[in-house]
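So the chains spell out like this:
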Amino acid sequence: MSGGPEGLTASARQQPLAVGNAAAPPVALYVHVPFCISICPYCDFVVYAGAAARGPSNRIDAFLAALQTEIDLRADALDAIFGRPSAPSSSGVSGAMAPGTRPPLDSLYIGGGTPSLLPTEAIARLVELVRRRFGLAGNAEVTLEANPGPDERGDAAALVRAGIGRLSIGAQSLDRAELRRLGRRHRPEDVGEAVAAARDAGIGSVSLDLLYDVPGGSLETWAATLDAALALASDHLSLYALTLDDPDAEGLTGPAGDHLPTTSGARQWRAAARLDQDEDLAATQYQHAVDRLATSGWRGYEISNWAHPGHESRHNLAYWLRLPYEAVGPGAHAFDGATRRWNAARLDTYVAALRPLDGGRPSLPPGGAETLDTATAMAESLVLGLRTDRGVPLSAREEGPLATAYDWALDAGLLATTDDRIVLTTRGRLLSNELFSRLI
């Protein structure tokens, strides 16, 4: 499977510091599946668990019916503006496209939640619907997120037949005590079994998500988790500092908000967990990962992401290159090059809009939108571009928000120049929030 900037379509290989405000057709589609068996206390994603996810009263079928309607409505809107998608050519020429007016998608990402809980035949129908309504390039990256537990990971061979070529496994830790502390259901050995099953089935690219700055953790437990992950020989690693936000306090949980209200139990867990986190330890853990992965031949192509050549997440690169992408499902965010749009998080209102009980005409789900002005687009392009190891053009230091922060950031050791680019140093990655706040 090709990946990274070299593997993107021609439209995706543009300069990352692109600040035009014209709407364009999407190069990627994100599908949010909001179901898990249980909800981890640190999780802020739009997730429904328990009876909504399993059992006779589960909401999965209702959600899938609504999701299909949203996909059709979003595709209809794109057809009206940009024309119907072109399809891979039958000429046998790699990358060639049959006549059409809208390019097919370069990537499809099915995330959540735990989309591997869906019946495999439902995943296959979803991929086929996207192929029919949005188009999928012949070498499109199709990713599914999965939990590693044996009752959550799904049937890897059936996923391959459904069209999945990349699996992103939510390992989070390979330390038994940390997994319990985080409220995870799986065991460390389940992660290895999930990777092996994916390999045996022929999934071409396997990614692991890991968390550092886990409450009560240490450099030793983090180093052991990282070593264990490397021993599994995955293709991609996403390493995230555990963040314990308060979406209620940030005003994100109202009727049109893109987050669900935080439960009282999760709020209490986070309050206690914050007391056990340590910024200095987190920085040491991150630095250890940078050094360890560099010596093992991994490319840190983004602040939180490392890959072997050819296995960079093409879908996430579309975000960081600020390319247009579509999104469907509760709480999902989309961007057309000029406007950011989001769906409200609440499943009831999502389903009610798309599958009215009275049999009336379906409508798009509630949510919100924000059209970006030129200054905001410029700052956003700088922040997203600097997150990657490609950085931004050297000319960015002469105008816009970086012009006023460049000398300070250079003196502070946050930035470096290579050829004609400006990139973050490792220290800059550790202190990126301080720089980015100045740019914004």
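Residues numbered from 1 in each chain as written. Predicted model: local features only at pLDDT ≥ 70, side-chain atom pairs only at ≥ 80, totals over all residues. Heavy atoms only, no water.

In this section: the nonpolar core. One finds I110, L237, L239 and L435 to be the most contacted residues of the largest nonpolar core, which totals 83 residues. A per-element tally of this core places helix α2 (residues 60–82) first, with eight residues. Residue contacts for L435: discarding those within four places in its chain leaves L386, A405, W408, A409, L414, L415 and L424. (Core = buried A, V, L, I, M, F, W, Y, C linked by side-chain atoms within 4.5 Å. Buried < 20%, exposed > 50% of the residue type's maximum accessible area, 1.4 Å probe, protein only. Helix = DSSP H or I, 4+ residues; strand = E, 2+ residues; numbered from the N terminus. Contact = heavy atoms within 4.5 Å.)

Okay, the packing of aromatic side chains next. Under the defined criterion, the tally for this structure stands at ten aromatic pairs. When the ring of Y42 is compared with that of W269, the centres are 6.4 Å apart and the planes differ by 45°; the resulting orientation is tilted. In this pair, Y42 sits in the loop between β1 (28–33) and α2 while W269 sits in helix α8 (residues 264–275), placing the two residues 227 residues apart along the sequence. Judged by relative accessible area, Y42 falls into the buried class, the value being 12%. Aromatic ring contacts, followed pair by pair, group Y212, W222, Y286 and W306 into a single cluster. Sitting over the face of the ring of F335, R340 holds its NZ or CZ atom 4.0 Å from the ring centroid. A cation over an aromatic ring shows up here: R438 above the ring of W408, its NZ or CZ 3.6 Å from the ring centre. (Phe/Tyr/Trp six-rings, centres within 6.5 Å; stacked < 30°, edge-to-face > 60°. Lys NZ or Arg CZ within 6 Å of the ring centre and 35° of its normal.)

A word on the layout of surface pockets. Here the second largest pocket defines a volume of roughly 350 Å³. Around the second largest pocket, the lining is made up of 19 residues, and of these L78, I81, E326, D336 and R341 lie nearest the centre. Of all elements in the fold, only α2, β9 (325–328), β10 (333–335) and β11 (339–343) reach the threshold of two or more residues within the lining of the second largest pocket. A breakdown of the residues in the lining of the second largest pocket according to their chemical character gives 14 nonpolar, one polar and four charged. (1 Å grid on protein atoms, 1.4 Å probe; cavity = no way out; pocket = protein on both sides within 12 Å on 5 of 7 lines; lining within 4 Å. Points joined across faces, edges and corners; volume = space filled by probe spheres on them. Nonpolar A, V, L, I, M, F, W, Y, C, P; charged D, E, K, R; others polar.)

In this model, G112 is joined to G113 through a cis peptide bond whose omega is 20°. By the secondary structure assignment, G113 is in the loop between β2 (105–112) and α3 (120–133). Of note in the backbone geometry, R322 takes a positive phi value of approximately 60° without being a glycine. Mapped onto the secondary structure, R322 falls in the loop between α10 (314–320) and β9. What makes R322 buried here is its relative accessible area of 7%.

Moving on to the sheet that holds strand β15 (residues 421–424). An order of β13-β15-β14 is seen for the three strands of this open sheet, with the pairing classed as antiparallel. For this open sheet the edge positions go to β13 (392–393) and β14 (415–418), each flanked by a neighbour on one side alone. For β13 and β15, the ladder comprises two bridges, and the chain directions are antiparallel. Opposite P393, over in β15, you have R421 as the bridge partner. Against the sheet, helix α13 (residues 401–411) makes contact with β13, β14 and β15, and its axis sits at roughly 100° relative to β14, the strand it touches most. (Pairing = 2+ DSSP bridges. Axes fitted to C-alpha atoms, helices over the stretch in contact; angles between N-to-C directions.)

Moving on: the pattern of salt bridges. Counted under the stated rule, the structure contains 28 salt bridges. Measuring nitrogen to oxygen at the nearest pair gives 3.2 Å for the salt bridge that ties E189 to R187. Residue R187 is classed as partly exposed on the basis of its relative accessible area, which comes to 36%. For D235, the salt bridge identified is with R199, shortest N-O distance 2.9 Å. Of this pair, D235 sits in the loop between α7 (219–231) and β6 (236–241) while R199 sits in helix α6 (residues 188–201), and the two are 36 residues apart along the sequence. Three or more residues are tied together by salt bridges with common partners; here these are D72, D76, D79, R84, R102 and R133. (Salt bridge = Lys/Arg side-chain N within 4 Å of Asp/Glu carboxyl O.)

On to α13. Residues spaced three or four apart along an α-helix face the same direction, because each turn holds 3.6 residues. By the burial criterion, the buried members of α13 are P401, L402, A405, Y406 and A409. Buried residues in α13, looked at end-on, bunch into an arc of 135°, giving them a common side. When the buried face of α13 is taken as reference, the exposed residues oriented beyond 90 degrees from it are T404, D407 and D411. The elements touched by buried residues of α13 are α12 (374–387), β13, β14, β15 and α15 (432–439). (Arc of directions from axis to C-beta.)

Counting through the fold element by element, D213 comes out in the loop between β5 (205–212) and α7. In this structure, D213 is buried with no salt-bridge partner, the nearest side chain bearing the opposite charge being R274 at 10 Å. One polar contact links the side chain of D213 to the main-chain amide nitrogen of D278, over a distance of 3.3 Å. What D213 contacts, discounting residues up to four positions off in sequence, is L242, Q277, D278, A282 and Q285. (Lys, Arg positive; Asp, Glu negative; His and termini not counted. Polar contact = N/O pair within 3.5 Å; in protein donor to acceptor, adjacent residues only side chain to side chain.)

Of all the six residues making up β1, six are buried; the element is thus mostly covered by neighbouring parts of the structure. Judged from the four bridges that link them, β1 and β9 form a sheet pairing that is parallel. Pairing of L29 across the sheet is with E326, part of β9. Inspection of the sheet shows β1 paired to β2 by six bridges, in the parallel sense. Across the sheet, L29 pairs through a bridge with L108, a residue of β2.

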